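Topology and contacts: notes
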Amino acid sequence: MNDAIIDNFVAPRCLEKIEILYEDEYLLAINKPSGLLSLSGKNPLNKDSVHHRLAQQFPEIRLTHRLDLGTSGIMLLAKDKTTNAKLTQQFQARTVIKRYVSILSGELLSNDGVIDLPIAKDDKLFPRLKICQQTGKPAQSQYSVIERFKKPNLTKVIFMPLTGRTHQLRLHSQALGHPILGCDLYGTPETLAMSKRLMLHALDISFEHPYTQQPLTLTSNCPF
């Protein structure tokens, strides 16, 4: 059943180009457009992706992390296997800091906080995940409000995920009672209709260069 769901999903064609924000002999940082897969799917119709496009120019390119189809913003890639291993160690040690901008439905009353809710697979609603205290893996998302809007009530926030679970920010926003605008999996028909795209953008990433050991912060301007 799960395979059938995967095979039936076809991502709409993405006409936007990938913008290279930073490049040296080891690394590449790009701005991923919303609507482009990070990695090609099993379905041949889902071949177009960040990896597929960049592999034409950089045959050894490797994703150090992924962004959801609807999420735009900064992605870090390694140009070779050794660099990828070094960066993966930083991700596993949780020394890589990522920040996202998002617009949530409704008015978030707290100015900042940490959402600490474990995430598990939801076999009944694949490909969705769920909050589950029994089987979930630990997941924490720090947030701070940067702007509030009226008519309709919306809240613009900066998210800093302290863990890197799939769908983490989308699921944690829903759990707060304030789904991300344009979210097809964890929103309501109303919040989905409020935006043509998922209002989630990877703003910046901070890490240590794997060879120079210099701290690097790379930024992608928010398009909304």
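Section: the overall build of the protein chain
Summing up its helical and strand segments, the protein chain has 5 helices and 12 strands in all. Taking 2.2 N^0.38 as the reference for a compact globule, 224 residues should give roughly 17 Å; the C-alpha atoms of the protein chain span a radius of gyration of 17 Å, in line with that estimate. Out of the 224 residues in the protein chain, the part that is buried amounts to 46%. Taking all contacts inside the protein chain whose residues are at least 6 apart in sequence as the whole, residues at least 24 apart take part in 60%. Accessible surface computed for the protein chain: about 12200 Å², of which carbon and sulfur atoms make up 52%.

Digging into unusual backbone geometry
Glycine aside, negative phi is the norm for most residues, and most peptide bonds take the trans geometry. That bond from Phe126 to Pro127 is cis: its omega, 10°, falls within 30 degrees of zero. A positive phi angle, near 65°, is found at Gln213, a position not held by glycine. Note on Gln213: relative accessible area 44%, which makes it partly exposed.

A few points about the pairing of strand S1 (residues 19-23)
As judged from the 4 bridges shared by S1 and strand S2 (residues 27-32), these two strands associate in the antiparallel manner. Each residue of the ladder has a partner; that of Glu19, found in S2, is Asn31. Between S1 and S2, which pair antiparallel one after the other, the connecting turn spans 3 residues.

Overview of the packing of aromatic side chains
Using the criterion set out here, one finds 1 aromatic pair in the structure. Ring centres 3.9 Å apart and planes at 25° place the aromatic pair Tyr26 and Tyr211 in the stacked group. On the criterion of sequence distance, the pair formed by Tyr26 in the loop between S1 and S2 and Tyr211 in the loop between strand S11 (200-208) and strand S12 (215-219) is long-range, its members being 185 residues apart.

Observations concerning the nonpolar core
Ile30, Val50, Leu54, Leu77, Phe159, Ile205 and Phe207 are the most contacted members of the largest nonpolar core, which has 49 residues in total. Residue contributions to this core peak at 5 residues, all from strand S4 (residues 72-78).

Here we look at the state of the cysteines
If you walk through the whole model with that rule in mind, you get 0 disulfides. Here Cys132 stays free of any disulfide, with the sulfur of Cys183 as its closest cysteine sulfur at 19 Å. With a relative accessible area of 11%, Cys132 lands in the buried category.

Some details on helix H4 (residues 168-176)
Restricting attention to buried positions, one finds in H4 the residues Gln168, Leu169, Arg170, Leu171, His172 and Ser173. Downstream of H4 by a residue or two, Gly177 has a phi angle that is positive, lying close to 90°.

With respect to the side chain of Ser206
Relative to the assigned elements, Ser206 resides in strand S11. Exposure remark for Ser206: the relative accessible area of 19% places this residue in the buried category. Separated by 2.8 Å, the side chains of Ser206 and Thr217 make a polar contact. Residues within four places of Ser206 in sequence aside, it is in contact with Thr95, Val96, Ile97, Leu216 and Thr217.

Let's talk about the side chain of Gln140
Considering the arrangement of structural elements, one finds Gln140 in strand S9 (residues 140-149). Its relative accessible area of 18% is what places Gln140 among the buried residues. Ignoring sequence-local partners within four residues, the contact set of Gln140 consists of Arg94, Val114, Ile115, Asp116, Pro161, Leu162, Thr163, Gln168 and His172.

With respect to helix H3 (residues 81-92)
The end-to-end C-alpha distance of H3 is 16 Å, a good match for the 16 Å that 12 residues give at a rise of 1.5 Å each. Among all positions in H3, only Thr83, Asn84, Leu87, Gln90 and Phe91 are buried. Buried residues of H3, seen end-on, are gathered within an arc of 120° and therefore sit on one face of the element. Exposed positions of H3 whose direction lies more than 90 degrees from the buried face are Lys81, Gln89 and Gln92.

Reading guide: rules and limits
Residues take numbers from 1 onward in each chain, read along the sequence in its written order. Side-chain atom pairs in this predicted model are given and counted only at pLDDT of 80 or more, local residue features only at pLDDT of at least 70, and totals for whole chains, interfaces and linings cover all residues. Processing note: side-chain calculations cover all non-hydrogen atoms of the structure and skip hydrogens and water entirely. Secondary structure follows DSSP: runs of H or I at least 4 residues long count as helices, runs of E at least 2 residues long count as strands, and numbering of each begins at the N terminus. Each radius of gyration is computed over the set of C-alpha atoms, and the globule rule expresses the reference value as 2.2 Å times the number of residues to the power 0.38. With a 1.4 Å probe rolled over the protein chains alone, any residue whose accessible area is under 20% of its type maximum counts as buried; one over 50% counts as exposed, and the rest are partly exposed. In this description, contact between two residues means that some pair of their heavy atoms is separated by no more than 4.5 Å. All accessibility values rest on the Shrake-Rupley procedure with a 1.4 Å probe; residue burial counts only the protein chains present in the view. Pairing between strands is defined by DSSP: at least two bridges between the two strands are required. Pairing of aromatic side chains requires ring centres within 6.5 Å, counting the rings of Phe and Tyr and the six-membered ring of Trp. Pairs whose planes differ by under 30 degrees are stacked, by over 60 edge-to-face, and all others tilted. Nonpolar core, defined: a set of buried Ala, Val, Leu, Ile, Met, Phe, Trp, Tyr and Cys residues in which side-chain atoms within 4.5 Å join the residues together. By disulfide we mean two sulfur atoms from cysteines, separated by a distance within 2.5 Å. We call two N or O atoms a polar contact when they sit within 3.5 Å, provided that within protein one can donate a hydrogen and the other can accept it, with sequence-adjacent residues counted only if both atoms are side-chain atoms. How far a helix is expected to stretch is found by multiplying one less than its residue total by 1.5 Å. This arc is taken over the directions from the axis of the helix to the C-beta atoms.

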